[in-house]
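Fold and geometry: a report
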There are 2 protein chains.
Amino acid sequence: MYRTHKNGELRLENLGQEVTLAGWVQKTRDKGFMIWVDLRDRYGITQLIFDGDRTPKEMMEKAKMLGREFVIQVKGEVIERVSKNANMPTGDIEILVKELTILNKSLVPPFTIEDETDGGDELRMKYRYLDIRRNSVKNNLIFRSKVAMETRKYLSGEGFIEVETPYLIKSTPEGARDFVVPSRMNAGQFYALPQSPQTFKQLLMVGGLDKYFQIVKCFRDEDLRADRQPEFTQIDCEMAFVEQEDILNAFEGLTRHLLKEVNGVEISKFPRMTYDDAMRKYGNDKPDIRFGMEFGELNAVAQHKDFGIFNTAELVVGISVPGGNVFTRKEIDGLIEFLKRPQVGASGMVYVRCNDDGTFKSSVDKFYDEADLKKWAEITGAKAGDLICVLSGVADKVRGQLSVLRMEMANRLGLRNPKEFAPLWVVDFPLLEWDEETKRFHAMHHPFTSPKPEDMGMLDTNPGKVRANAYDLVLNGNEIGGGSIRIHDKQTQALMFNHLGFTPEKAKEQFGFLMNAFEYGAPPHGGIAFGLDRLTAILGGQETIRDFIAFPKNNSGRDVMIDAPSQIDDEQLKELCLKINLPL
Amino acid sequence: MYRTHKNGELRLENLGQEVTLAGWVQKTRDKGFMIWVDLRDRYGITQLIFDGDRTPKEMMEKAKMLGREFVIQVKGEVIERVSKNANMPTGDIEILVKELTILNKSLVPPFTIEDETDGGDELRMKYRYLDIRRNSVKNNLIFRSKVAMETRKYLSGEGFIEVETPYLIKSTPEGARDFVVPSRMNAGQFYALPQSPQTFKQLLMVGGLDKYFQIVKCFRDEDLRADRQPEFTQIDCEMAFVEQEDILNAFEGLTRHLLKEVNGVEISKFPRMTYDDAMRKYGNDKPDIRFGMEFGELNAVAQHKDFGIFNTAELVVGISVPGGNVFTRKEIDGLIEFLKRPQVGASGMVYVRCNDDGTFKSSVDKFYDEADLKKWAEITGAKAGDLICVLSGVADKVRGQLSVLRMEMANRLGLRNPKEFAPLWVVDFPLLEWDEETKRFHAMHHPFTSPKPEDMGMLDTNPGKVRANAYDLVLNGNEIGGGSIRIHDKQTQALMFNHLGFTPEKAKEQFGFLMNAFEYGAPPHGGIAFGLDRLTAILGGQETIRDFIAFPKNNSGRDVMIDAPSQIDDEQLKELCLKINLPL
């Protein structure tokens, strides 16, 4: 028995007790005749005292040698502190040490084990096991486990069965790039790691399991953008005999449960918005609705004058930045530069200052008079003190650019309060999206998503216009999850594969098992998957998923702590019948 | 809304209600003027009735066309059955159908969807999605999810944090063969899939997380014996500041909780036995203690006569088979054949019949008299009516052979009651075991297991005798899990690697990160891992793990349903800088 108590639990009512504690030396204060040590474990900190009057000399000497992060065990008596510390739960007491055992020494750690550390990202990742000792990282991991546990409790309570689907599955070229696993027993053949358990969960519905969920790792071999991980975790769900409404209700219930249990926030009915509306109002299929700045379309009130840029634009659209009239000319020029960067790609920005006296001053005063600008203000909802920002161009592109501006403004104005939660269902996504590179339609969600029956007729005539029974849950401007009602009959699935450019042979080779399954009484079904990494980060009031992953990889897909990936033995390669063939 | 109720819930109190149900046609009975349909879903079966007097003719015609496994939706009224069925929960009522919708048709399934199916193993695996519709398989999956959920509830309640460790890690040649994953972003390098999260959970302890658990997939590329899977699931745990006793208590608590919540069985303190005792008493490190037949060592009472086979043997050892005297000569000859098979390898068997009148009759009457045999009976605990079976030879081998006989006897005598649960801790495992093939010692548990401090002195002089702080939990003769107290200082770990034949360079290359971590204040720690597949099967009263896995692989590691592994595109290989190099 290494300890009778943990380091967060002793209080005044324990006075006089003989206790045994163990943990890490957080810090020592050595006044010569008196030494204090802060002893830390997962649960908290307890102050130890070594006192020249009461502590044997040899133990004083030993205590003087304790360095940061030494692991020690002490026995001693709980005594009342002379100077109490109201900021820590154990701040009323300290331990007068009677026995001190050094369980393990420590080199000086490469960065400080404190909430605000002096360690940079690379160093923290290399010594992740030390980074995890810091409260901020440790608490994130505990928070994540709570989110996962509450998810399981809720879904189990609702009759969902957690089923483990396989990790060694079959590679399919549709979608993102697979990680593959060479098979030794089937030489020359490969498994793939799942990008999601999509087909398996559909087969579980064909198998009558009715309500499935799983918290499961998924894998995508993509070039990593910032804050993407090659392995990530999904809350994966599927239900049979359901319509879209049933699924939205079930997972709105889950999200509401999490917000309540994990964040103490109660939210009633989540608003819903069609994809088209989201794009029109926010230029974004995952709008952050914690704040306004809805788009105002200005074509009708901005294309009647001699301003060619607007007159030739497909769309003239603006937002009103609340209180934005305080921006200086220099700040506004900075914004315009920001919008003109290649990542955003705007050609410029027109702006209108809404003065306190109700007058307007715009960057296009040559073309538009006070009456025009008043109309712009009405449409964008601008009030005195605001700044109207107007972009123009090709509709799709200009909406995206204005969305970037809207988010930037919200960040600058502090409108994105991480303690405020604004969930939103975005529904009626398009079934297909055109890919310029491959010159064909791709499935916007995935090839198993059901078109809306009323739009089926347009599949041949206007495929881009066909809407799907597909939906996303958006939380604070982040896509938390998405799903769809699936196709459950072979004919529609074959039609869909055909529209995605699969030959019947290829479709059979890749998904024959699913098409077969559809011939044996597949029920109507649908589902959803939430990204646990992202969900946890957002609920935790942060946006960086890496901080909520115990052992994340860097942007080259490397684990710098264990140094993986790495070379393997020639013997291993030989057994797998593989040769490495590096380009010269 | 596809249904107002599920198929297991309607009762007499629902009489007169208009309900909507959906599900699969389990069977139809067509009496011409009256048609009954059993409608099935995950929750049960409800009887539908179509009645020539009350059902419109077109609907009667439609009902006649329903085949097995059609998916239908019906609206109708709950009415009282004329002839009730007490064997089913919904047996008092039936639904007089008023609307019938065929949601999906079905081909005739390749086997019957019933508890006792006519489908062979291969067919059932190929159509696993149909197999899962059978109650037996479905209930196993539901049972498994319950075991997992109760595990999580218990461990969370005890302060364990579930942490997800990475799947894309580093290959290490120690232990079983890794599955590897070529990295595209780091050409020529490979990740490995974890055989267990061993080093990561130790690093979490170094990181101060104190109590960790995870239900996690693990991977081993081994030639598959019957009922082994290349991917399997572990309940993986680790604790800091603990001794062996703390871990045994914690996981005895978990097991007791599962037995109670899942099986309704209450078991108090689990017995413990050293590895040496288990081998001596049962010839097996995972003895089934639901029944006796403990080994009796007979050297002292069997090597004083002229029987050369015994006299030259290292060990003469026997068991008393209760009631075994009923076996005929032919049956006993069969047993001897069974023992002589190469898989067992015994050279023969001596037996003693214990007659009802207290006399003995043995196969070695030429050498041993009544007084000798009486002593054998005393030592093996034989009573009148029993059969004493005696083997002799090299101690290790003969114990293994007698263990096989003991289990065979227990099976034949029906002593292995699957509803009875006999857990057992086996402790004090050897640290190392000699491997004849590689002519060196291997770690019996793994290279991170701590030797017992009192045995450390023998590491150089008699390595095979060094005991480890390692333990297994055995349930009904199956190893459910195992673990150990770990090494937590760099010196001992280096010594251990040295004894396992690692050069310092190789040790550093493979496990440098762990050795480094030990220099920054690693706490004493230890852990355990349970095999969830096996545990679930045993608790479920079965021994075949495949029946508790949703989508298992066959003995060649293939998923015959999705046909994986399979060939991948040349483009994929090229991106990975790999060439397939099949032997000619």
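Residues numbered from 1 in each chain as written. Chains lettered and ligands numbered in written order. Predicted model: local features only at pLDDT ≥ 70, side-chain atom pairs only at ≥ 80, totals over all residues. Heavy atoms only, no water.

On to a negative patch on the surface. On the surface, A:E114, A:D115, A:E116 and A:D118 cluster together to form a negatively charged patch. Here A:D115 lies in the loop between β5 (93–104) and α2 (121–126). (Patch = residues over 30% accessible without salt bridge, like charges linked within 9 Å, V, L, I, M, F, W, Y side chains within 5 Å. Areas by Shrake-Rupley, 256 points an atom, 1.4 Å probe, with all protein chains shown as cover. Salt bridge = Lys/Arg side-chain N within 4 Å of Asp/Glu carboxyl O. Lys, Arg positive; Asp, Glu negative; His and termini not counted. Charge placed at Lys NZ, Arg CZ, Asp CG, Glu CD. Helix = DSSP H or I, 4+ residues; strand = E, 2+ residues; numbered from the N terminus.)

Residue and element names in this part refer to chain B. With respect to the helices and strands, the residue H488 is situated in the loop between β21 (478–485) and α14 (490–499). Look at H488 and you get buried, because its relative accessible area is 17%. On a C-alpha basis, the gap between H488 and G345 in space is 42 Å, while along the polypeptide they are 143 residues apart. (Buried < 20%, exposed > 50% of the residue type's maximum accessible area, 1.4 Å probe, protein only.)

This part covers the sheet that holds strand β4 (residues 71–80) of chain A. Strand pairing in a sheet takes place through backbone hydrogen bonds and is either antiparallel or parallel in direction. All names here are of chain A. Pairing within the closed barrel is mixed, and its five strands lie in the order β1-β2-β3-β5-β4. With direction set aside, neighbouring strand axes in the sheet form an average angle of 55 degrees. Looking at chain direction, strand β1 (residues 18–30) and β4 are connected through seven bridges and run antiparallel. Counted as the bridge partner of L21 is V74 from β4. (Pairing = 2+ DSSP bridges. Axes fitted to C-alpha atoms, helices over the stretch in contact; angles between N-to-C directions.)

Moving on, we get to the domain arrangement of chain A. Domains assigned within chain A are domain 1 (12–104), domain 2 (139–164 + 200–272 + 424–548) and domain 3 (291–415). Put simply, the middle of domain 1 of chain A and the middle of domain 2 of chain A, counted by C-alpha atoms, are 52 Å apart. (Domains from an automatic or database assignment.)

For the pair chain A and chain B, the relating rotation is 180 degrees, the translation along its axis is 0.0 Å, and the fit reaches an RMSD of 0.1 Å. Taken together, the rotation and translation describe the operation of a two-fold axis. Mapped onto chain B, 100% of the interface residues of chain A again fall at the interface, so both copies present the same surface. (Least-squares fit on C-alpha atoms with pLDDT ≥ 70 in both. Contact = heavy atoms within 4.5 Å.)

Turning our attention to the packing of aromatic side chains. In the structure shown here, the tally under the stated rule is 49 aromatic pairs over all chains. Plain terms: the ring middles of A:W425 and A:Y471 are 6.4 Å apart, the flat faces sit at 85 degrees to each other, and that makes the pair edge-to-face. Residue A:W425 is found in strand β17 (residues 423–427), and its partner A:Y471 is found in strand β20 (residues 470–475); the two are separated by 46 residues along the sequence. Residue classification places A:Y471 among the buried residues on the basis of a relative accessible area of 0%. Three or more aromatic residues link up through ring pairs in this structure, and these residues are A:F307, A:F310, A:F367, A:Y368 and A:W376. Of note, B:K6 hangs over the ring of B:Y43, and the distance from its end group to the ring centre comes to 4.7 Å. (Phe/Tyr/Trp six-rings, centres within 6.5 Å; stacked < 30°, edge-to-face > 60°. Lys NZ or Arg CZ within 6 Å of the ring centre and 35° of its normal.)

This brings us to the packing of helix α4 (residues 135–157) of chain A against helix α6 (residues 244–263) of chain A. Residues and elements named next belong to chain A. α6 packs onto α4 with a crossing angle of 135 degrees between their chain directions and a minimal axis gap of 10 Å. Judged by the angle between their axes, α4 and α6 are oblique. Between α4 and α6 lies a crossing of right-handed hand. Of the residues in α6, those in contact with F143, K146, V147, E150, T151, Y154 and L155 of α4 are A250, F251, G253, L254, H257, L258, E261 and V262. For the contact of α4 with α6, the class distribution of residues is nine nonpolar, three polar and three charged. (Parallel < 35°, antiparallel > 145°, perpendicular 65-115°, else oblique. Left-handed = near helix turned anticlockwise from the far one by under 90°. Nonpolar A, V, L, I, M, F, W, Y, C, P; charged D, E, K, R; others polar.)

What follows is about the confidence of the model for chain A. In the predicted model, chain A carries a mean pLDDT of 95, and the fraction of residues at 70 or more is 100%. Taken together, the chains of this predicted complex give a pTM of 0.95 and an interface ipTM of 0.95. (pLDDT = per-residue confidence, 0-100.)

Before going further, it helps to spend a moment on helix α10 (residues 329–340) of chain A. All names here are of chain A. Along its twelve residues, α10 runs 17 Å from first to last C-alpha, staying within 8% of the 16 Å computed at 1.5 Å per residue. Within the span of α10, buried status applies to I332, L335, I336, F338 and L339. The buried side chains of α10 occupy one side of the element, clustering within an arc of 155 degrees when seen end-on. Along its buried surface, α10 packs onto β14 (350–354), β16 (387–393) and α12 (395–412). (Expected span 1.5 Å × (residues − 1). Arc of directions from axis to C-beta.)

A few words now on unusual backbone geometry. In this structure, the amide linkage connecting A:A564 to the following residue, A:P565, adopts the cis form with an omega of 0 degrees. Within the fold, A:P565 resides in the loop between α16 (532–539) and α17 (570–575). The backbone of A:K439 sits at a positive phi, close to 55 degrees, despite the residue not being glycine. With a phi angle near 60 degrees, B:D428 is a residue other than glycine that sits in the positive phi range. Looking at the element boundaries, B:D428 is found in the loop between β17 (423–427) and β18 (432–435). Judged by relative accessible area, which is 15%, B:D428 ranks as buried.

With that out of the way, let us pick up the pattern of salt bridges. All names here are of chain A. Tallied over the full model, the rule gives 96 salt bridges over all chains. Residue E69 pairs with R40 through a salt bridge whose shortest N-O separation is 3.0 Å. Taken together, the residues span a long stretch of sequence, with E69 in the loop between α1 (57–64) and β4 and R40 in strand β2 (residues 34–41) at a distance of 29 residues. The two residues E69 and R40 agree in class, both being buried. Residue D121 pairs with R124 through a salt bridge whose shortest N-O separation is 3.2 Å. With D121 and R124 both in helix α2, this residue pair falls three residues apart, about one helical turn.

Each side of the interface is counted separately: chain A has 127 residues, and chain B has 127 residues. Buried surface at the junction of chain A and chain B, summed over both partners, amounts to about 11,000 Å²; 61% is from carbon and sulfur atoms. In this assembly, chain A and chain B are joined by twelve salt bridges. The partner of A:E162 in a salt bridge is B:R152, and the shortest N-O contact between them spans 3.6 Å. Linking chain A to chain B there are 63 residue pairs in polar contact (both at pLDDT 80 or more). The element best represented in the side of chain A that touches chain B is α4(A), accounting for nine residues. Tallied by class, the residues present in the side of chain A that touches chain B amount to 68 nonpolar, 25 polar and 34 charged. As judged from the three bridges shared by strand β23 (residues 578–580) of chain A and strand β23 (residues 578–580) of chain B, these two strands associate in the antiparallel manner. Along β23(B), the bridge assignment pairs A:L578 with B:I580. (Buried area = accessible area lost by both parts, 1.4 Å probe. Polar contact = N/O pair within 3.5 Å; in protein donor to acceptor, adjacent residues only side chain to side chain.)

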